[in-house]
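Next come the chains, spelled out residue by residue.
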Amino acid sequence: MKKMYSNKAVIAVLVGPGLLLFAFAVLAPIILSIYYGFTNSTGMGSYDFVGMKNYKELIHDEAFFISIRNSALLALGFICIQHPIAMVTAYILDRLGGRAEHFFRCVFFIPNVISVAVIAYLWKFIYNPDFGLLNNIIKFFGGEGKVNWLGQDIAIWSVLIVLIWHGFGWGMLIYYTGIKNIDPTLYEAASIDGAGSVQTFFGITLPLMKPVIQVNVTMALISALKQMETVYLLTNGGPGNATQFTANYLYQQAFRAFKYGYGNAIGVVFIILCVVLTVITNKVFEDRDLKEEKKLNKISMRKEAI
Amino acid sequence: MHTKAKSSAIKHGSPFSRAVIWILLIVVAIIQIFPLVWLLDFSLASSTEMFTNGLLIIPEKFRFDNYVKAFVDGNFLWYLKNSFLINVLAVVIVVLVSFMAAFAITRMHWKMSGLVKMILLMGMMIPIHATLLPNYKIYSTINMTDTMWSLLIPYVAFSMPQALFLMTGFLESIPKSLEEAAVIDGCGIFRVVFGIDMPMMKPSIATVSIMTFLNNWNEFMMASTYLSSDKWKTLPFSVLEFTGEYSSNYAAQFAVMALTAAPAVIVYIILNKQITKGVALGAVKG
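Going along each chain's sequence as written, the residues are numbered from 1 onward. Chain labels run from A onward and ligand labels from 1 onward, assigned in the order the entries are written. For this predicted model, a pLDDT threshold of at least 70 governs which residues receive local features, and a threshold of 80 or more governs which side-chain atom pairs are given and counted, while totals over whole chains, interfaces and linings are taken from all residues. Hydrogens and waters are ignored; side-chain quantities use all the structure's heavy atoms.

Here's the deal with the overall build of chain A
Phase 1 of the analysis: Elements are defined by DSSP. Helices are runs of H or I of four residues or more, strands are runs of E of two residues or more, and each kind is numbered from the N terminus. A count of helices and strands for chain A gives 14 helices and zero strands.
Phase 2 of the analysis: For chain A, the α and β elements follow one another from N to C terminus as α-α-α-α-α-α-α-α-α-α-α-α-α-α.
Phase 3 of the analysis: Any two residues whose heavy atoms approach within 4.5 Å at even a single point are treated as in contact. Put simply, of all contacts in chain A between residues at least 6 apart along the chain, 66% involve residues at least 24 apart.
Phase 4 of the analysis: Here chain A has roughly 14300 Å² of accessible surface; of this, 67% comes from carbon and sulfur atoms.
Phase 5 of the analysis: Note that His is not counted, nor are the chain ends; the positive residues are Lys and Arg, and the negative ones are Asp and Glu. To locate a charge, the coordinates of NZ of Lys, CZ of Arg, CG of Asp or CD of Glu are taken. Across chain A, the mean location of the 25 positive side-chain charges is 6 Å away from that of the 19 negative side-chain charges. Per-residue and other accessible areas follow the Shrake-Rupley method at a 1.4 Å probe size, with only the shown protein chains counted as cover for residues.

Description of helix 9 (residues 189-200) of chain B
All names here are of chain B.
Phase 1 of the analysis: End to end, helix 9 covers 16 Å across twelve residues, agreeing with the expected 16 Å (1.5 Å per residue, within 8%).
Phase 2 of the analysis: Only protein chains enter the area calculation, which uses a 1.4 Å probe; residues under 20% of their type maximum are buried, those over 50% are exposed, and those in between are partly exposed. Looking only at helix 9, the buried set comprises Ile189, Val192, Val193, Asp197 and Met198. Down the axis of helix 9, the buried set is contained in an arc of 140 degrees. They therefore lie on one face. Every helix has an expected span of 1.5 Å times one less than the residues it contains. The directions considered for the arc run from the helix axis to the C-beta atoms.

Digging into the packing of aromatic side chains
Phase 1 of the analysis: Note on aromatic pairs: the rings of Phe, Tyr and Trp (six-membered ring only in Trp) are paired at centre separations within 6.5 Å, and the planes decide the class, stacked below 30 degrees, edge-to-face beyond 60, tilted for the rest. Scanning the model with the defined rule gives 34 aromatic pairs over all chains in all.
Phase 2 of the analysis: Ring plane angle 80 degrees and centroid distance 5.4 Å describe the contact between Tyr35(A) and Phe49(A), whose orientation is recorded as edge-to-face. Highlighted residues: Tyr35(A) in helix 2 (residues 8-37) and Phe49(A) in the loop between helix 2 and helix 3 (53-59), separated in sequence by 14 residues.
Phase 3 of the analysis: Under the relative-accessibility criterion, Tyr35(A) is labelled partly exposed at 34%.
Phase 4 of the analysis: Overall, the relative accessible area of 55% leaves Phe49(A) in the exposed class.
Phase 5 of the analysis: Among the aromatic residues, ring-to-ring pairing joins Tyr35(A), Tyr36(A), Tyr47(A), Phe49(A) and Tyr260(A) into one connected group.
Phase 6 of the analysis: The aromatic ring of Trp232(B) is capped on one face by Lys81(B), whose charged end is 5.7 Å from the ring centroid. Charge over a ring is defined by NZ of Lys or CZ of Arg lying within 6 Å of the ring centre and within 35 degrees of the ring normal.

A few points about the packing of helix 13 (residues 246-255) of chain A against helix 6 (residues 132-141) of chain B
Phase 1 of the analysis: To get an axis, fit a line to the C-alpha atoms, keeping to the stretch in contact for a helix; angles then go from 0 to 180 degrees between the N-to-C directions. As a packed pair, helix 13 of chain A and helix 6 of chain B sit with axes 10 Å apart at the nearest point and diverge in direction by 40 degrees. Relative to helix 6 of chain B, the element helix 13 of chain A is oriented oblique. Between helix 13 of chain A and helix 6 of chain B, the contacting residues are Leu250(A), Tyr251(A), Ala254(A) and Phe255(A) on the first element and Leu132(B), Leu133(B) and Tyr136(B) on the second.
Phase 2 of the analysis: By residue class, the composition of the contact of helix 13 of chain A with helix 6 of chain B is seven nonpolar, no polar and no charged. Our angle categories are set so that under 35 degrees counts as roughly parallel, over 145 as roughly antiparallel, 65 to 115 as roughly perpendicular, and the remainder as oblique. Each residue gets one label: Ala, Val, Leu, Ile, Met, Phe, Trp, Tyr, Cys and Pro are nonpolar, Asp, Glu, Lys and Arg are charged, and the others, such as Gly, are polar.

Here we look at the domain arrangement of chain B
Residues and elements named next belong to chain B.
Phase 1 of the analysis: Considered domain by domain, chain B is made up of domain 1 (2-66) and domain 2 (69-285).
Phase 2 of the analysis: One C-alpha centre belongs to domain 1, the other to domain 2, and the line joining them spans 33 Å.
Phase 3 of the analysis: Taken together, the contact pairs twelve residues of domain 1 with eleven residues of domain 2.
Phase 4 of the analysis: Note on definitions: buried area is the accessible-area loss of two parts on being combined, 1.4 Å probe, summed for both. For the pairing of domain 1 and domain 2, the buried interface totals around 870 Å² over both sides, and the portion due to carbon and sulfur atoms is 70%.
Phase 5 of the analysis: The largest share of the area that domain 1 buries against domain 2 comes from Leu39, Ser47 and Asn66, three residues that together contribute 54% of it.
Phase 6 of the analysis: Any Lys or Arg side-chain nitrogen found within 4 Å of a carboxyl oxygen on Asp or Glu counts as a salt bridge. On inspection of domain 1 and its partner domain 2, the count reaches zero salt bridges.
Phase 7 of the analysis: Considering each element in turn, the side of domain 1 that touches domain 2 owes the most residues, five residues, to helix 2 (residues 15-43). For the purposes of this description, domain bounds are those given by an automatic or database domain assignment.

Quick notes on the interface of chain A and chain B
Phase 1 of the analysis: At the junction of the two partners, chain A supplies 98 residues and chain B supplies 102 residues.
Phase 2 of the analysis: Between chain A and chain B lies a buried interface of about 9200 Å² when both sides are counted; carbon and sulfur atoms form 80% of it.
Phase 3 of the analysis: Looking at the side of chain A facing chain B, the largest losses of area belong to Tyr5(A), Leu14(A) and Phe131(A), adding up to 9% of the total buried there.
Phase 4 of the analysis: In this structure, the connection of chain A to chain B is made through zero salt bridges.
Phase 5 of the analysis: Here a polar contact is taken to be a pair of N or O atoms separated by no more than 3.5 Å, where protein atoms must pair a possible hydrogen donor with a possible acceptor and residues adjacent in sequence count only if both atoms sit in side chains. Counting across the chain A and chain B interface gives eleven residue pairs in polar contact (both at pLDDT 80 or more).
Phase 6 of the analysis: Per-element accounting of the side of chain A that touches chain B gives the leading share, 19 residues, to helix 2 of chain A.

Focus: the pattern of salt bridges
Phase 1 of the analysis: Using the criterion set out here, one finds six salt bridges over all chains in the structure.
Phase 2 of the analysis: For Arg107(B), the salt bridge goes to Glu179(B), with nearest N and O atoms at 2.6 Å. Linking Arg107(B) in the loop between helix 4 (76-106) and helix 5 (113-122) with Glu179(B) in helix 8 (residues 177-184), this pair joins segments that are 72 residues apart in sequence.
Phase 3 of the analysis: Measuring nitrogen to oxygen at the nearest pair gives 4.0 Å for the salt bridge that ties Asp230(B) to Lys233(B).
Phase 4 of the analysis: Residue Asp230(B) is classed as partly exposed on the basis of its relative accessible area, which comes to 36%.
Phase 5 of the analysis: When its relative accessible area of 8% is taken as the criterion, Lys233(B) is described as buried.
Phase 6 of the analysis: Three or more residues joined by partner-sharing salt bridges are found here, namely Asp94(A), Glu101(A) and Lys180(A).

A look at the confidence of the model for chain A
Note that predicted coordinates carrying low pLDDT should not be read in detail.
Phase 1 of the analysis: Predictor confidence is given residue by residue as pLDDT, running from a minimum of 0 to a maximum of 100. In the predicted model, chain A carries a mean pLDDT of 87, and 95% of its residues have values of at least 70.
Phase 2 of the analysis: Per-element confidence in chain A ranges from a low mean pLDDT of 76 for helix 1 (residues 2-5) of chain A to a high of 93 for helix 12 (residues 229-234) of chain A.

Re a nonpolar patch on the surface
Phase 1 of the analysis: On the surface, Val13(A), Phe84(B), Val88(B), Val92(B), Leu96(B), Phe190(B) and Phe194(B) cluster together to form a nonpolar patch covering roughly 560 Å² of accessible area.
Phase 2 of the analysis: Elements supplying a minimum of two residues to the nonpolar patch: helix 4 and helix 9 of chain B.
Phase 3 of the analysis: Ranked by residues supplied to the nonpolar patch, first place goes to helix 4 of chain B with four residues.
Phase 4 of the analysis: Mapping Leu96(B) onto the fold places it in helix 4. Nonpolar side chains (Val, Leu, Ile, Met, Phe, Trp, Tyr) are joined into patches within 5 Å and like charges within 9 Å, using only residues with over 30% relative accessible area and no salt bridge.

This is how it looks when you write it as structure tokens:
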């Protein structure tokens with residue numbers, strides 16, 4: 001038995017395909033990006049090594065910093081607007097029960113299964129100054145309805161709205177699952193004690209949802225940093241670089257501005273940013289969990305002492 | 001008993017709080033679904049009818065010919081077939097590869113298992129879009145652009161880490177006793193892997209399949225970078241290409257969008273329960 005479970009050839013056969021795929025589709029491109037990041041390649045023909053020039057340029061590149069700022073704004077939008085609404089909706093949904101619960105859960109999640117290609121073009125029409133839905137809604141309520149939603153000043157907010165709207169179902173569903181996992185006897189106890197809905201939410205649901213909130217916040221931060229597809233189709237970073245995001249910017253630099261070397265340098269920095277952000281958020285939440293566990297242990301120890 | 005207690009606030013609460021709850025639910029539902037209703041409505045009108053001040057239009061007659069145009073000129077069936085084929089293959093390969101790796105990592109005895117697991121999971125942190133530029137170079141060097149593999153390989157590679165994570169977790173929770181009995185009966189290792197363990201993994205295989213499908217079904221960045229001809233283009237291209245061709249026929253554009261969105265929405269409504277469960281499991285543990 002033991003011999004069979006440590007057969008090297010079998011292990012190689014089992015892990016081999018996974019490792020090969022990883023090496024070919026993930027590792028090789030990263031190494032190639034690091035290599036091209038040090039060159040002035042245009043994507044075609046010959047090129048020279050330019051050392052750290054691309055990285056020095058990046059430090060002074062305003063568009064890159066706008067991208068980071070936009071990611072930060074998006075993350076804030078997710079956490080401060082999308083998540084609170086998603087959590088309250090999930091909480092209500094859980095207590096609804098029956099067909100209504102099923103129906104609303106389905107409705108809230110539908111935008112999420114629709115292709116970004118459709119979503120981006122649909123919102124282009126919604127923002128259309130001539131016959132767009134949004135301006136028509138403003139007219140419907142008696143306004144003038146001539147807002148240029150994708151114009152310089154407000155384009156970024158319009159983009160954020162689309163992203164927050166499209167991702168809502170996902171965030172809601174995760175909170176919903178978290179709430180479903182809460183022990184129902186706790187709610188019974190609360191209702192026997194005469195707690196109302198609002199009290200129960202803040203007293204029981206919210207504290208018990210901490211781990212789920214952490215998962216959701218982590219995912220929001222990272223997906224805000226990684227955002228590309230919606231922006232690529234909706235505004236392609238414009239007007240100017242007002243709605244630029246990092247992934248879109250590196251793509252543009254490489255394939256539109258023919259600065260393939262520079263695009264790769266941005267790619268390298270982008271990968272580092274994503275890894276660092278993932279590691280930091282995991283660390284922060286882990287440390288917090290440990291501290292809280294210690295606190296709980298202390299409390300229970302004290303109780304035992306009493 | 002407990003369901004009664006749970007829903008008490010909603011069914012037996014004061015009329016005021018009940019009204020607030022329903023208004024909130026309905027407002028959120030309208031915000032989420034109205035743009036899609038609008039899409040469907042406009043897709044049945046004619047382009048000239050769109051310049052209206054109302055929110056929805058009642059078309060003079062339903063323009064199903066918009067859909068005919070979208071269906072034929074949007075290359076709908078061909079792209080749907082490509083999407084379906086590539087995604088099904090991706091799911092099968094992801095399940096197989098990650099299950100095999102998960103078995104080796106959790107069950108077999110070897111020194112590097114921890115390290116290999118860590119390396120494979122690291123893929124989760126890497127942003128897909130950072131690999132677009134170098135992968136384009138690699139694929140064009142080895143003549144892999146414009147083939148099915150240029151989509152299949154990255155789709156599988158980027159879905160694998162999460163699948164592996166879910167499967168190692170699930171495998172650890174399965175007791176080894178059944179395996180041991182099989183080995184004593186003379187089963188070889190591959191019989192154990194595929195004949196004994198794999199059938200027990202059904203719930204996590206379902207989750208992994210749903211996650212992989214959802215992640216890749218709507219993908220188009222890689223597709224538009226690595227593909228040049230129609231041969232392997234996927235469903236999102238119906239919209240991307242059609243809107244260019246019919247740039248002034250708005251109604252037909254609405255129709256192609258509605259048509260492209262339809263398969264995923266219909267499947268979601270039918271498999272609502274399973275998908276909700278799958279997404280929840282995958283996300284909370286991932």
